[in-house]
Amino acid sequence: MPGPLLFIAFVIAALVAVAFRSRRGQPRAKALAQWAQQHNLSFAPHRDRSLTHRFPQFALFRQGRNAYAYNIVFGLFEGRQIYAFDHHHQTEHQVTIRQTDSNGRTRTHTETRITHHHFSAVVVEPELPLKPLLIRPEGLFDKVADFFGKGDLNFESAAFSRKYHVTAPDRRWAYDVLHARVIDFLLDQPRLVVEFTPRHILIMRPGEKRMDIDVFKAAVQTADQMLDLLPDYVRMDTAPP
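Residues numbered from 1 in each chain as written. Predicted model: local features only at pLDDT ≥ 70, side-chain atom pairs only at ≥ 80, totals over all residues. Heavy atoms only, no water.

Undergrad: I'd like a rundown of the sheet that holds strand E8 (residues 201–204), residues and numbers included.
TA: The strands making up a sheet are joined through hydrogen bonds of the backbone, oriented either antiparallel or parallel. The 8 strands are arranged E1-E2-E3-E4-E8-E7-E5-E6 in an open sheet whose pairing can be described as antiparallel. Among the strands making up the open sheet, the edge pair consists of strand E1 (42–44) and strand E6 (164–167). Recorded for the sheet is a direction-independent mean angle of 20° between the axes of neighbouring strands. Across 3 bridges, the pairing between strand E5 (residues 133–137) and strand E7 (residues 193–196) is antiparallel. Across the sheet, residue leucine 133 finds its bridge partner in E7, namely phenylalanine 196. (Pairing = 2+ DSSP bridges. Helix = DSSP H or I, 4+ residues; strand = E, 2+ residues; numbered from the N terminus. Axes fitted to C-alpha atoms, helices over the stretch in contact; angles between N-to-C directions.)

Undergrad: Which residues make up the pattern of salt bridges, and what values do they have?
TA: Applying the stated criterion across every chain yields a total of 9 salt bridges. Arginine 80 serves as the salt-bridge partner of aspartate 228, at 2.8 Å between the closest nitrogen and oxygen. Remark: arginine 80 occurs in strand E3 (residues 80–100) and aspartate 228 occurs in helix H6 (residues 213–228); sequence separation between them is 148 residues. The network of salt bridges with common partners includes Arg80, Glu127, Asp224, Asp228 and Arg235. (Salt bridge = Lys/Arg side-chain N within 4 Å of Asp/Glu carboxyl O.)

Undergrad: I'd love a proper account of unusual backbone geometry, names of residues and values included.
TA: Even without glycine at this site, asparagine 71 takes up a positive phi of about 50°. Inspection of the secondary structure assignment puts asparagine 71 in strand E2 (residues 65–77). We classify asparagine 71 as buried; its relative accessible area is 6%. The backbone of glutamate 208 shows a phi angle near 50°, a positive value even though the residue is not glycine. Structurally, glutamate 208 is set in the loop between E8 and H6. (Buried < 20%, exposed > 50% of the residue type's maximum accessible area, 1.4 Å probe, protein only.)

Undergrad: Tell me about the pairing of strand E4 (residues 106–124), residues and numbers included.
TA: As defined by bridge partners, E3 adjoins E4 across 19 bridges and the pair is classed as antiparallel. Considered in E4, the bridge of histidine 87 is made with phenylalanine 119. Here E3 hands over to E4 after 5 residues, with glycine 104 in that stretch at a positive phi of 85°. Two strands pair when backbone bridges link them, and E4 and E8 are joined in this way by 3 bridges, in the antiparallel orientation.

Undergrad: Give a detailed account of the packing of aromatic side chains, specifying residues and quantitative values.
TA: Applying the stated criterion across every chain yields a total of 11 aromatic pairs. A centroid spacing of 5.8 Å and a plane angle of 45° characterise the contact between phenylalanine 61 and phenylalanine 85, whose relative ring orientation is tilted. Here phenylalanine 85 lies in strand E3 and phenylalanine 61 lies in the loop between E1 and E2, a separation of 24 residues in the sequence. Using a relative accessible area of 0% as the deciding quantity, one classes phenylalanine 85 as buried. Among the aromatic residues, those joined into a cluster by ring pairs are Phe55, Phe58, Phe61, Tyr83, Phe85 and Phe119. (Phe/Tyr/Trp six-rings, centres within 6.5 Å; stacked < 30°, edge-to-face > 60°.)

So this is what it looks like as structure tokens:
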């Protein structure tokens with residue numbers, strides 16, 4: 001194929017791919033827009049490269065290159081500022097390609113492959129300062145660590161301890177936050193990763209995956225309910241002087 005025709009074919013293929021991805025994403029964007037409207041929230045489908053820079057304490061937003069948020073739902077939910085969004089970043093890795101010609105001679109060359117990563121996150125701004133706390137689903141390596149006495153916090157609820165791995169620098173504070181009512185609530189929710197920092201709560205699906213609308217709702221409700229169920233003495237301990 002002559003050079004100009006090859007270039008034109010490449011451009012057409014690229015445009016078709018972009019159009020396909022756009023059409024494929026439209027139902028998701030529409031559903032998120034409807035969810036936002038139902039709760040008097042705002043919706044911005046376009047890429048925002050500044051949003052995740054607002055949360056530098058979360059390492060996952062600093063991964064890779066070409067990072068941006070999109071499909072962003074934001075506003076006040078039950079009096080608290082929330083951001084629910086999809087996130088993209090890309091990573092690059094080198095691969096060695098071996099090719100054998102008709103004469104049996106093997107040649108090698110190196111190519112750069114780009115992988116695009118997409119996941120969803122919900123970030124909630126609490127009305128009071130918190131302490132670091134990480135709640136995530138229990139994994140196989142966690143059970144090995146438990147065997148050697150290097151595991152997470154244990155709770156009276158055996159079902160909760162089997163389902164979740166909990167770590168916190170201030171163990172007493174973690175036990176105060178994760179009292180019986182909160183544990184019962186979390187056991188009824190989808191498996192999620194919940195991370196407290198002093199100024200934000202981050203909620204995601206395990207494995208950095210995208211959320212469907214129901215999981216977005218569950219993530220927002222999880223943060224909201226955990227904050228509502230904070231005991232008064234915990235609020236007093238964390239309140240600024």
